[in-house]
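# An overview of the molecular structure
In case you want the letters, here they are:
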Amino acid sequence: MKEQLRAIRGMNDIVPPLSARWQHLEQQVVGVLNAYGYQQIRLPILEQTGVFERSIGDTTDIVQKEMYTFADRNGERLTLRPEGTAGCVRAVLEHGLLNVQPHLRLWYIGAMFRHERPQKGRYRQFHQIGVETYGMAGPGIDAEIILLTARLWRELGINGLRLELNTLGVAAERERYRAALSQYFEAHYEVLDEDSKLRLVRNPLRILDTKNPAMLGLVANAPSLVDYLDPESREHFAAVCSILNAAGVAYVVNPRLVRGLDYYSKTVFEWITTELGAQGTVCAGGRYDALVELMGGKPTPAIGFAMGLERLLELHAAQTGDQPSSEADLCVVAAGDAETAATLRLAEDLRDDLRGVRVLCLCGGGSLKTQMKRADRSGAQVALIVGSEELASDTITLKPLRGQGDQQRVPRASLRDILTKVLAL
Ligand code: ATP
Ligand code: MG
């Protein structure tokens, strides 16, 4: 026997029945996005490396050590996207979308790739649904996308997420803060871990994003960016908070929340759970008012977020429990090989007559008993059996599989009405 091939570490297959939970979750999220008038954008998974280097920032973990970058056959440097925002801005500019819709609300879904150490909640291929909005500078849109996420948790039945909020101000304010922060960490140089010593030189704000428990005390006493903000940034943040207060959305202001990417400014936020262990952020985002210009466009305010579907799904499963999964609602069974064609025909007719009902046709093979076992395992409510007697009398044998009533032979002509009742359609 040949050696069996395996998936790459940290890149997971999503197989049934778990794939049904994914589908359900994605459909619900998309429903909410539609309800807010967001439009889908579909983007390539590969981009020129420069798209990410320029936007995410070359001192970030992502660009420093997490990107899958390689030269293709022409020697061009390409990268598997580690996130969605950079490619989205690139595409918005390339297609001049802002000339047509100066206020643009977009969403995307797809796989992202980061070469991190695989562990629970952290994979090398993972999936995000994200939102990006352009052209809106005021606090209203900041609040809208947070309200949108809050609605999503309600509709998914997810409880107990904590909303953390902060403001990162604008570049000039961060420069002043950066100086103060450098001074503070330099004064405590001996306590810094290796990573933080590097960050101190490259970008001291990054130290606030440390995941090292030994560093948290030091970080907690560091100066706060809020104290370095000008009135305009302060007022923007206060306005976002007051809209959320009025809407009854609870949040915690966390002055250490900095996010792992360079392009953020002003409002940043994360939705965090304590139920998933160390990897507790299920959704994260913020403003990136300087990025569009940095990517070659006109100065354009922007704000967005991305949620990690693996983490969201795990939380959903933990809180809502196992959902019974089934392949079909109806299962059509041929009593013998001679009836295969008739069952396929019946299944097609039922798909015409009963829209939205899932009809599985067992394409023959094996005894009736074996097939009935398969029908039962499919999770279907009802089996419809076609044998020679049924064909001769233009009837179908209907067998409830989940214990609602007895098997009965029914005229083919009344099948639709009977099924409508039995399946409570
Ligand atoms: P973290 O602090 O957990 O490393 P991040 O700041 O790198 O997150 P973002 O780039 O903001 O994360 O991505 C948004 C969301 O995508 C995260 O909140 C998380 O839910 C999810 N995510 C990020 N990296 C991974 C990964 N390697 N595996 C699974 N989900 C991920
Ligand atoms: Mg990360």
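Data block above holds the structure.
Scope of this entry: the structure provided in the associated data block. Fair warning: this is a prediction, and the values are worked out from it, not measured in the lab.

## Some thoughts on the sheet that holds strand E14 (residues 382-386)
Here five strands make up an open sheet; going across it, the order is E13-E12-E14-E15-E16 and the pairing mixed. In the strand order of this sheet, the two ends are held by strand E13 (359-362) and strand E16 (408-411), each with one partner. Strand-to-strand twist in this sheet, taken as the mean axis angle between neighbours without regard to direction, amounts to 30°. Two strands pair when backbone bridges link them, and strand E15 (residues 395-400) and E16 are joined in this way by four bridges, in the antiparallel orientation. Within E16, the residue paired with Ile396 across the bridge is Val410. The sheet contacts of helix H13 (residues 340-353) involve strand E12 (330-334), E13, E14 and E15, and relative to E12 the element is tilted by about 160°.

## A look at the layout of surface pockets
By volume, the second largest pocket is sized at about 430 Å³. What lines the second largest pocket is a set of 21 residues, and nearest its centre among them are Arg174, Asn203, Asp262, Tyr263 and Tyr264. For the lining of the second largest pocket, the elements supplying multiple residues, two or more each, are helix H2 (49-56), helix H7 (171-187) and helix H11 (291-294). Considering each element in turn, the lining of the second largest pocket owes the most residues, four residues, to H7. Here the lining of the second largest pocket is built from residues that sort into 10 nonpolar, four polar and seven charged.

## Quick look at the packing of H2 against helix H4 (residues 85-94)
The contact between H2 and H4 brings their axes to 9 Å, and the two run at 110°. Compared by their axis directions, H2 and H4 come out roughly perpendicular. Only Ala86, Gly87 and Arg90 of H4 make contact with H2, whose side of the interface consists of Val51, Phe52 and Ser55. Along the lines of polarity and charge, the residues of the contact of H2 with H4 split into three nonpolar, two polar and one charged.

Quick notes on the rules
Residues numbered from 1 in each chain as written. Chains lettered and ligands numbered in written order. Predicted model: local features only at pLDDT ≥ 70, side-chain atom pairs only at ≥ 80, totals over all residues. Heavy atoms only, no water. Pairing = 2+ DSSP bridges. Helix = DSSP H or I, 4+ residues; strand = E, 2+ residues; numbered from the N terminus. Axes fitted to C-alpha atoms, helices over the stretch in contact; angles between N-to-C directions. Contact = heavy atoms within 4.5 Å. 1 Å grid on protein atoms, 1.4 Å probe; cavity = no way out; pocket = protein on both sides within 12 Å on 5 of 7 lines; lining within 4 Å. Points joined across faces, edges and corners; volume = space filled by probe spheres on them. Nonpolar A, V, L, I, M, F, W, Y, C, P; charged D, E, K, R; others polar. Parallel < 35°, antiparallel > 145°, perpendicular 65-115°, else oblique.

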